[in-house]
Amino acid sequence: IKLSGEGNVGSGGRHGDLYVEIRVQSDKRFKREGFDIATEQTISFPRAALGGTVDIETVDGVVTLKIPDGTQSHQIFRLKGHGVPHLQRSGKGDHLVTIIVATPTKLSRGQKKIIEQLEKDLEA
């Protein structure tokens, strides 16, 4: 950033220009894509199938995201205006949330029977 006339006094008696370099430290929670921020959110299979809500941490704070029933793994939801501010104009980018549906790895017999019954019902 150049700030004209804000530097030290030069040999000619006038203030020089001040140059400020800004470095934005990365945050492992967020990935920047231009003016958009991208994150992943893991949800359970029941929440993906039945829908519900999940709290998403954004650069502006926590926002509640509505998960519609039937949400698929790797589906992307857009939180408008929760990204990086645009330079020299109004508005902000968006926060893109990629949903990851967690598949259970250890199920009890009862849980397996319920899922097997669900599969039969879906095929009918």
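Here the structure is a predicted model, which is why all the values come from computation and not from measurement. Along each chain, residue indices are assigned from 1 in the same order as the chain's sequence is written. Two thresholds apply to this predicted model, a pLDDT of at least 70 for residue-level local features and 80 or more for giving and counting side-chain atom pairs, whereas whole-chain, interface and lining totals are computed over all residues. Excluding hydrogens and water, the side-chain values take into account all heavy atoms of the structure.

Asks: Just to check I follow, could you spell out the overall build of the chain for this structure?
Replies: What counts as a helix is a DSSP run of H or I of at least four residues, what counts as a strand is a run of E of at least two, and both are numbered from the N terminus. A count of helices and strands for the chain gives two helices and eight strands. The order of α-helices and β-strands along the chain, N terminus first, is β-β-β-β-α-β-β-β-β-α. Note that the radius of gyration is over C-alpha atoms, with the globule rule given as 2.2 Å times the number of residues to the power 0.38. In terms of overall size, the chain is more extended than a compact globule, its C-alpha atoms giving a radius of gyration of 24 Å where 124 residues would be expected to give roughly 14 Å. Across its three principal axes, the chain shows a C-alpha extent of roughly 85 × 30 × 20 Å. We score Asp and Glu as negative and Lys and Arg as positive, and we do not count His or the chain ends. A single reference atom marks each charge: NZ on Lys, CZ on Arg, CG on Asp, CD on Glu. The averaged location of the 16 negative side-chain charges in the chain is 3 Å from the averaged location of its 18 positive side-chain charges.

Asks: What should I look at first to understand the pattern of salt bridges in this one?
Replies: One side chain can pair with another of opposite charge once the charged atoms of both are near each other. Salt bridges are counted wherever a side-chain nitrogen of Lys or Arg sits within 4 Å of a carboxyl oxygen of Asp or Glu. Counted under the stated rule, the structure contains seven salt bridges. Taking the shortest distance from any N to any O, the salt bridge between Asp27 and Arg29 comes out at 2.5 Å. Only protein chains enter the accessibility calculation, which uses a 1.4 Å probe; a residue whose area is less than 20% of its type maximum is buried, one above 50% is exposed, and one in between is partly exposed. What makes Asp27 partly exposed here is its relative accessible area of 27%. In this structure Arg29 comes out as partly exposed when scored by relative accessible area, which is 42%. For Glu57, the salt bridge is made with Arg29, and the minimal N-O distance between the two is 2.2 Å. In this pair, Glu57 sits in strand 5 (residues 52-58) while Arg29 sits in the loop between strand 2 (18-19) and strand 3 (31-33), placing the two residues 28 residues apart along the sequence.

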